[in-house]
Amino acid sequence: MHDFTVLLIEVGALLLGLGLLGRLSRRIGLSPIPLYLLAGLAFGHGGLLPLSASEEFFAVGAEIGVILLLVMLGLEYSASELVGNLRSAAPAGLIDGLLNALPGAAFAFMMGWGWVSAVVLAGVTWVSSSGVIAKVLADLGRLGNRETPVILSVLVIEDLAMALYLPLVTAVLAGTSLMGGSIALGVAVFTVVLVLVVAIKYGGAISAMFSPKDPEALLLGVLGLTVLVAGIAASLKVSAAVGAFLVGIALSGQVAHNATELLSPLRDLFAAVFFVFFGLATNPADMPPVLLPALALAVVTMATKVLTGYLAAKRVGIAEPGRWRAGLGLMPRGEFSIVIAGLAVGATGIAPQLAPLATAYVLITVVTGPLLARVPDTPWFKAWLRRRAAAQRCEPLPATD
Amino acid sequence: MRVRVEQTALPGIGVRHDLLTTSGRRVGVVTHRNGRRDLVLYDEDDPDASVADIPLTDDEADALADILGASLMLGQLSGLRQQAAGLLTEQISIPAGSPYVGRKLGDTKARTRTSASIVAVLREREVIASPDPTFRFEAGDVVVVVGTRTGLDGVSAILAGNDPDA
């Protein structure tokens, strides 16, 4: 009974604190993710004020948070949107994967962490934060910009790639042999493709199970189905997150729209719990040694993201300024990187420094990314672009007189 | 005459429609999933960038569509002249020598004298819908008038300076 009282006090105080932090972050125009992570660091093992009774609660809440993050992501897209986008955006997605996953993997090898850590870190550096980037685009009034679809389609491809990558990581982390790993991957790819096909063909039928008009039944039904499928997916070693993502994809139309509205507050709650939990699991004392490596990794992979966006925008005929906007807009990493690192925490074959490194890395990119996204709007950057354009115009034409 | 409207999907957000005007400016509308609409105006120097992104509520979008749509209807109205029996539409230009150049629409007292209404004025490709009595004419304006044959002839005479009553 006493434990229960402590739990209430701890959870209540922490949520209240997060609420205040969220308000603060909005006021200074920042994503709340870094503040939640910092809060987690402060209250975790070795932090300022370790929480004891509520650890289990946060562990379960974090699990639900990941599931909700992913199902909401799936709800944002229809299956046909994902697949329709695939063909046109695949080259950009490929550039994105190569330029951003490889530096992460290479970094892990350089640190001598072994290939399991390399696979995980590749994912951490690869995926941009859809949530943060969509927010920044809206805040900067760039939703109408002509390079914005380029940015969004890179994000869509990443999300789709995650549906294949997460099961792979889950299999790798389960410590299965190469043979077992490839079977698990085969099962995962098969499941994902099957669900996509079912979602495209019978998405309407699945959605018809729910009535968009009855909010209570819809909330319980969609949440139930999501958690159920996530659980089944996890027991098949396909990763609970992917199961949830696929449920989101399969739902469409009015059901998806209404479910998004109903689940959003829940997602906000449990996603915050998830970020805190990730911070809780990291000992702040582990942070300082990885700070410099994380900074180096952030600088390199933020540069490769800029290159990704630049090339992707160039490919569809966007002019120079738009290419820079696309590149500088893609830099923040966030929820997905933490989800990936979160899967790896405590697994065998994972360097213990990986989690603190991922935390520091996400903190750096999610804070500086949105700030750097504003650079293309500054007068000095525009002037620099003009000088560059002028120089390029003059170069190929030597004076003729 | 047909305007080419480009439609672009914004995955996860909604749809963008945009068009290039004859004057070389790009204008668009971003429709969000939740029904919100943003009016978007593009930069002249950097056609990929929007300089203004104006969120509109349902009512505001409706009102704006009404205003824009009304002037379009006036343009189409002149095509209807044969269809409405007895009621005609005519475009009458204001010659440089008209006594009403620089004067107010109300001064013509056209409606009371001829029972024909001035429903719009075309000025340099722009349509000024439902001009009010304080509207000042300029040389070269084209006035869209709706009325009976005699009414239209009356307005024509007034604007040309051949006042039937004067």
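The shown structure was predicted, so the numbers you read here are calculated from the model rather than taken from an experiment.

**Student:** Go over the sheet that holds strand 9 (residues 142-147) of chain B, please, and point to the residues and values.
**Tutor:** All names here are of chain B. Ordered by their spatial adjacency, four strands build an open sheet running 6-9-7-8, and the pairing between neighbours is antiparallel. Strand pairing shows two members of the sheet lacking a second neighbour, strand 6 (88-93) and strand 8 (126-129), which therefore form its edges. Strand-to-strand twist across the sheet, computed as the mean angle between neighbouring axes with direction ignored, equals 25°. Each of strand 6 and strand 9 touches helix 4 (residues 149-160); the most contacted strand, strand 6, lies at about 10° to it.

**Student:** Describe the pairing of strand 3 (residues 26-32) of chain B, and please don't skip the residues or the numbers.
**Tutor:** All names here are of chain B. In strand 3, alternate side chains face the same way, and those of R26, G28, V30 and H32 are buried while those of V27, V29 and T31 on the opposite face are not. As judged from the seven bridges shared by strand 2 (residues 14-20) and strand 3, these two strands associate in the antiparallel manner. When the sheet's bridge partners are listed, D18 is paired in strand 3 with G28. Adjacent in sequence and paired antiparallel, strand 2 and strand 3 are bridged by five residues, among which G24 carries a positive phi angle near 90°. As defined by bridge partners, strand 3 adjoins strand 4 (residues 37-42) across five bridges and the pair is classed as antiparallel. Note that in strand 4 the partner of V27 across the bridge is L41. Taking the residues between adjacent antiparallel strands as the criterion, strand 3 and strand 4 are bridged by four residues, where G35 takes a positive phi near 95°.

**Student:** Quick rundown of the packing of helix 7 (residues 148-173) of chain A against helix 10 (residues 240-250) of chain A? Include the residues and the values.
**Tutor:** Residues and elements named next belong to chain A. Between helix 7 and helix 10, whose axes approach to 8 Å, the crossing angle comes to 145°. Between helix 7 and helix 10 lies a crossing of left-handed hand. Together, D159, M162, A163, L166 and P167 of helix 7 and A241, V242 and F245 of helix 10 make up the contact between the two elements. Per-class residue counts for the contact of helix 7 with helix 10 are seven nonpolar, no polar and one charged.

**Student:** An account of the side chain of T8 of chain B is needed here, citing residue identities and associated values.
**Tutor:** Secondary-structure assignment places T8 of chain B in strand 1 (residues 6-10). Not counting residues up to four positions away in its chain, the partners in contact with T8 of chain B are P149 of chain A together with V15, R16 and D18 of chain B.

**Student:** Break down the pairing of strand 4 of chain B for me, with residues and values.
**Tutor:** Residue and element names in this part refer to chain B. Residues of strand 4 alternate between two faces, with D38, V40 and Y42 buried on one and R37, L39 and L41 left unburied on the opposite face. Sheet topology places strand 4 next to strand 5 (residues 50-56); six bridges connect them, and they run antiparallel. What sits directly across from Y42, in strand 5, is S50.

**Student:** Run through the sheet that holds strand 2 of chain B, naming residues and quoting values.
**Tutor:** Residues and elements named next belong to chain B. Ordered by their spatial adjacency, five strands build an open sheet running 1-2-3-4-5, and the pairing between neighbours is antiparallel. Edge positions in the sheet fall to strand 1 and strand 5, since each has one partner strand and no second. Ignoring which end each strand starts from, the neighbouring axes of this sheet average 20° apart.

The rules behind these values
- Residues numbered from 1 in each chain as written.
- Chains lettered and ligands numbered in written order.
- Predicted model: local features only at pLDDT ≥ 70, side-chain atom pairs only at ≥ 80, totals over all residues.
- Heavy atoms only, no water.
- Pairing = 2+ DSSP bridges.
- Helix = DSSP H or I, 4+ residues; strand = E, 2+ residues; numbered from the N terminus.
- Axes fitted to C-alpha atoms, helices over the stretch in contact; angles between N-to-C directions.
- Contact = heavy atoms within 4.5 Å.
- Buried < 20%, exposed > 50% of the residue type's maximum accessible area, 1.4 Å probe, protein only.
- Left-handed = near helix turned anticlockwise from the far one by under 90°.
- Nonpolar A, V, L, I, M, F, W, Y, C, P; charged D, E, K, R; others polar.

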